[in-house]
Amino acid sequence: MMRLDKFLKVSRLIKRRTVAKEVADKGRVFINDKVAKSSTDVKVGDKIAIQFGNKHVLVQVEALMDSTRKEDAKEMFTILEEKFIKEENTNL
């Protein structure tokens, strides 16, 4: 098992661990449809949903590694869904 913030950084889904912690602690990361904090454990097979502003990404955890080279980071997850959410214009 691995902490969520470390997984997000090592897999390069989020560039820095401090940013990963911030995003998770704001309730923008879900593991298996449950809100996850930065300290939540991640296991192989978990589905992680992340909201970045107007982008929504759903990935499945394939491997846990303590460190990776940039080329190998993509082996840690499979992207299941990636979509952009249109911002609705509420100004009339």
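See the structure shown above.
Residues numbered from 1 in each chain as written. Predicted model: local features only at pLDDT ≥ 70, side-chain atom pairs only at ≥ 80, totals over all residues. Heavy atoms only, no water.

1. Structural notes on a positive patch on the surface
1) Next: Taken together, the side chains of K9, R12, K15, K70 and K74 define a basic patch exposed on the protein surface.
2) Next: Mapped onto the secondary structure, K15 falls in the loop between α1 (4–10) and α2 (17–25). (Patch = residues over 30% accessible without salt bridge, like charges linked within 9 Å, V, L, I, M, F, W, Y side chains within 5 Å. Areas by Shrake-Rupley, 256 points an atom, 1.4 Å probe, with all protein chains shown as cover. Salt bridge = Lys/Arg side-chain N within 4 Å of Asp/Glu carboxyl O. Lys, Arg positive; Asp, Glu negative; His and termini not counted. Charge placed at Lys NZ, Arg CZ, Asp CG, Glu CD. Helix = DSSP H or I, 4+ residues; strand = E, 2+ residues; numbered from the N terminus.)

2. Quick look at the layout of surface pockets
1) Next: Here the largest pocket defines a volume of roughly 180 Å³.
2) Next: Taken together, S11, R12, L13, K15, K70, A73, K74 and F77 form the lining of the largest pocket.
3) Next: When the residues that make up the lining of the largest pocket are grouped by side-chain class, the tally is 3 nonpolar, 1 polar and 4 charged. (1 Å grid on protein atoms, 1.4 Å probe; cavity = no way out; pocket = protein on both sides within 12 Å on 5 of 7 lines; lining within 4 Å. Points joined across faces, edges and corners; volume = space filled by probe spheres on them. Nonpolar A, V, L, I, M, F, W, Y, C, P; charged D, E, K, R; others polar.)

3. Regarding the pattern of salt bridges
1) Next: With the rule as written, the count across this model stands at 9 salt bridges.
2) Next: In this structure, E81 engages K83 in a salt bridge whose closest nitrogen and oxygen atoms are separated by 3.9 Å.
3) Next: Under the relative-accessibility criterion, E81 is labelled partly exposed at 33%.
4) Next: Classification of K83 as partly exposed rests on a relative accessible area of 42%.
5) Next: Here the salt bridges do not stand alone but share partners, grouping R3, D5 and R17 into one network. (Buried < 20%, exposed > 50% of the residue type's maximum accessible area, 1.4 Å probe, protein only.)

4. Things to note about α2
1) Next: Taken together, the buried positions of α2 are occupied by A20, V23 and A24. Along the axis of α2, the buried positions cluster into a sector of 95°, meaning they face one direction only.
2) Next: Taken together, the buried residues of α2 touch α1, β2 (29–31) and β5 (47–52).
3) Next: The first or second residue beyond α2 is G27, which carries a positive phi of 80°. (Arc of directions from axis to C-beta. Contact = heavy atoms within 4.5 Å.)

5. Focus on the side chain of D46
1) Next: With respect to the helices and strands, the residue D46 is situated in the loop between β4 (41–42) and β5.
2) Next: Residue D46 is classed as buried on the basis of its relative accessible area, which comes to 4%.
3) Next: Beyond its immediate stretch of four places on either side in the chain, D46 contacts I31, N32, D41, V59, Q60 and V61.

6. Structural notes on the environment of K55
1) Next: Among the structural elements, K55 can be located in strand β6 (residues 55–61).
2) Next: Take K55: its relative accessible area is 24%, and that puts it in the partly exposed class.
3) Next: In this structure the C-alpha to C-alpha distance between K55 and K83, which are 28 residues apart in sequence, comes to 5.9 Å.
4) Next: Once residues lying within four places of it in the same chain are set aside, the contact partners of K55 are I50, E82, K83 and F84.
5) Next: At 3.1 Å, the side chain of K55 forms a polar contact with the side chain of E82. (Polar contact = N/O pair within 3.5 Å; in protein donor to acceptor, adjacent residues only side chain to side chain.)

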